[in-house]
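Okay, here's what each chain looks like letter by letter:
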Amino acid sequence: MNAQTLAKMAYSAPGQPTQTMRSTEYELFSRVTFRMRRANAQGAAGFAALASAMHDNRQLWTALAIDVADKDNQLSPAVRARIFYLAEFTTHHTRKVLAGKASADALVEINTTIMRGLKGNGTGGAV
């Protein structure tokens with residue numbers, strides 16, 4: 001369990017239903033992906049918002065990479081390796097987007113695919 005999940009659980013209202021880790025991850029992906037889409041659609045005028053959203057996206061993927069690198073992580077080694085690869089790709093592609101050499105579309109697409117998997121309506125199983 002990562003720090004964001006623990007913080008969310010610690011400060012949530014006691015009367016609210018408890019979220020699963022999966023639903024919390026979905027919510028985090030949803031928020032950052034929405035922000036990237038919205039800023040990307042604004043073109044050059046949305047660059048500052050895009051940079052901020054991409055920073056948060058990179059932090060999310062870094063947290064996932066740390067989680068799957070943990071020897072006690074219960075995901076299969078194959079899934080862990082794929083998630084780690086996507087985290088590395090996200091870091092490298094973010095640099096290209098911020099340098100104006102690539103579009104954020106690939107990052108939005110990756111996040112959207114992960115969100116489908118977290119909701120259980122992906123096409124073909126795990127990540």
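Placed above this text is the structure.
What comes next is a walk through the structure. (Residues numbered from 1 in each chain as written. Predicted model: local features only at pLDDT ≥ 70, side-chain atom pairs only at ≥ 80, totals over all residues. Heavy atoms only, no water.)

**Things to note about helix α3 (residues 47–69)**
Reasoning step 1: Compared with the 33 Å implied by 1.5 Å per residue over 23 residues, the 32 Å span of α3 between its first and last C-alpha is a close match.
Reasoning step 2: For α3, the complete set of buried residues consists of L50, A53, M54, N57, L60, W61, A63, L64, A65 and V68. (Helix = DSSP H or I, 4+ residues; strand = E, 2+ residues; numbered from the N terminus. Expected span 1.5 Å × (residues − 1). Buried < 20%, exposed > 50% of the residue type's maximum accessible area, 1.4 Å probe, protein only.)

**A short note on the packing of α3 against helix α5 (residues 105–119)**
Reasoning step 1: Remark: α3 packs on α5, axes separated minimally by 12 Å, with the N-to-C direction vectors making an angle of 45 degrees. Comparing their axes, α5 and α3 come out oblique. Remark: the crossing between α3 and α5 carries left-handed chirality. Residue-level inspection shows M54, N57 and W61 of α3 in contact with α5, the latter providing L107, I110, N111 and I114.
Reasoning step 2: Each residue belonging to the contact of α3 with α5 can be placed in one class, and the counts come to five nonpolar, two polar and no charged. (Axes fitted to C-alpha atoms, helices over the stretch in contact; angles between N-to-C directions. Parallel < 35°, antiparallel > 145°, perpendicular 65-115°, else oblique. Left-handed = near helix turned anticlockwise from the far one by under 90°. Contact = heavy atoms within 4.5 Å. Nonpolar A, V, L, I, M, F, W, Y, C, P; charged D, E, K, R; others polar.)

**Some points on the packing of aromatic side chains**
Reasoning step 1: A full pass over the atoms with the stated rule returns one aromatic pair.
Reasoning step 2: When the ring of F29 is compared with that of W61, the centres are 5.4 Å apart and the planes differ by 75 degrees; the resulting orientation is edge-to-face. Here F29 is found in helix α2 (residues 21–41), whereas its partner W61 is found in helix α3, with 32 residues between them in sequence.
Reasoning step 3: For W61, a relative accessible area of 2% gives the class buried.
Reasoning step 4: Its end group placed over the ring of Y26, K119 keeps NZ or CZ at 4.6 Å from the ring centre. (Phe/Tyr/Trp six-rings, centres within 6.5 Å; stacked < 30°, edge-to-face > 60°. Lys NZ or Arg CZ within 6 Å of the ring centre and 35° of its normal.)

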